[in-house]
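Examining the three-dimensional arrangement
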Amino acid sequence: MTIVQGISCSTCGAPMHLSPGEIISTCRYCGYTQVVQTGKAFTFEHSMLLNGFTTEGKGRDGASLPGIEKTVAQWMSTGFTKPSDLARSSNLRERKLVYLPFWVIDVNVETSYKGVFERLQPPVVKNGQIKKHYDWLILARRASEFPVREYDVPLEGKIPFDFRKIEDYAEVLNSELERDDAMEKAEEEITALHEFHAKQDVDKILEIKTAFHHSEAVYLHSPIWFITYEYKGKTYKVTVDGAKGTVITGDLPPVKLGLL
Ligand SMILES: [Zn+2]
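Below, the structure is looked at part by part. (Residues numbered from 1 in each chain as written. Predicted model: local features only at pLDDT ≥ 70, side-chain atom pairs only at ≥ 80, totals over all residues.)

Considerations on the overall build of the protein
Secondary structure summary: the protein contains three helices and ten strands in total. Traced from its N-terminal end to its C-terminal end, the protein shows the element sequence β-β-β-α-α-β-β-β-β-α-β-β-β. Seen through its C-alpha atoms, the protein measures out along the principal axes to roughly 70 × 65 × 35 Å. Put simply, 67% of the contacts in the protein that link residues at least 6 apart link residues at least 24 apart. (Helix = DSSP H or I, 4+ residues; strand = E, 2+ residues; numbered from the N terminus. Contact = placed C-beta atoms within 7 Å.)

So, in structure tokens, the structure goes:
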């Protein structure tokens, strides 16, 4: 493990607060994004999504954004798997806005497979193909509880990264994953997914081959709200997409059934 110390921004000279393992770092003062090891500029596309919510009167450039509290309250009061008094009896505790770093791998994938279909007698050999385009999301942090596969990233709102659009109270996390590692990880995950799909189609796979074409990787910072609420003495977590205001995952108290 390398301990990074005394690093400053190559452009404005401000100190950079780096944690061990961070590979790409963005200056909070001038927005300069550099490769930690070399100090050189990050030259690939760096994008962001805008946060559309605020908390307790904190706005961006005086903008009157809707409160994230309202979004959570709305989520709490809809759906029948939740206690009916959830919105009324809960207290919001932590409300933290974090710009999480992702690699978005834009790729065309083609899988060809050959397998035995055994559900009918006699078994038959079957060929199949899966052709897909993905904007596959890889979280650029090694340890995180963030549910990447639940997150439908609203890429249509993607703009070039602009540090002036980041709220003072928000946290911006740096990447711990190199571009090539992210691409490799995406390929592994997609290969596994396509194998899973192929196994729905045939009972036994004889041959399978997955090819990747025209992969591109974009580095993306995406606003995510990490919220905790308290309900009847217990604490639960909710993550909200700060661009769209949709709840990505939310822990719920158990609902008592049978009390009719
Ligand atoms: Zn700087």
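Structure shown, so let's carry the discussion forward.
Description of the nonpolar core
The biggest cluster of nonpolar side chains holds 42 residues, and the ones touching the most others in it are Phe 102, Trp 103, Ile 105, Ile 138, Ala 182 and Ala 186. Those elements that provide at least two residues to this core are helix 1 (68-76), strand 4 (90-117), strand 5 (124-139), helix 3 (179-201), strand 8 (204-231) and strand 9 (234-241). The element that contributes the greatest number of residues to this core is strand 4, accounting for nine residues. Look past the residues within four positions of Ala 182 in its chain and what remains in contact with it is Trp 103, Ile 105, Ile 138, Ala 140, Leu 177 and Ala 217. (Core = buried A, V, L, I, M, F, W, Y, C linked by C-beta atoms within 7 Å. Buried ≥ 20, exposed ≤ 12 C-beta atoms within 10 Å, placed from the backbone.)

Observations regarding the environment of Glu 110
Note on placement: Glu 110 falls in strand 4. Under the C-beta neighbour-count criterion, Glu 110 is labelled partly exposed, with 14 such atoms within 10 Å. Here Glu 110 is in contact with Lys 131 and Ala 211, once residues within four sequence places are set aside.

What to know about the pairing of strand 9
Relative to strand 9, strand 8 runs antiparallel, the two sharing eight bridges. What sits directly across from Ile 224, in strand 9, is Asp 241. What sits between the antiparallel neighbours strand 8 and strand 9 is a turn of two residues, in which Lys 232 has the positive phi angle 50°. Counted between consecutive antiparallel strands, the loop separating strand 9 from strand 10 (residues 247-250) contains five residues, among which Gly 245 sits at a positive phi close to 80°. (Pairing = 2+ DSSP bridges.)

Side note on helix 3
The end-to-end C-alpha distance of helix 3 is 33 Å, a good match for the 33 Å that 23 residues give at a rise of 1.5 Å each. Contacts made by the buried residues of helix 3 are with strand 4, strand 5 and strand 8. (Expected span 1.5 Å × (residues − 1).)

Let's talk about helix 1
For helix 1, the complete set of buried residues consists of Ile 68, Thr 71, Val 72 and Met 76. Buried positions in helix 1, seen along its axis, are confined to an arc of 135° and lie on one side of it. Counted as exposed and oriented over 90 degrees from the buried face of helix 1: Lys 70 and Gln 74. Elements that come into contact with the buried residues of helix 1 comprise helix 2 (86-89), strand 4, strand 8 and strand 9. (Arc of directions from axis to C-beta.)

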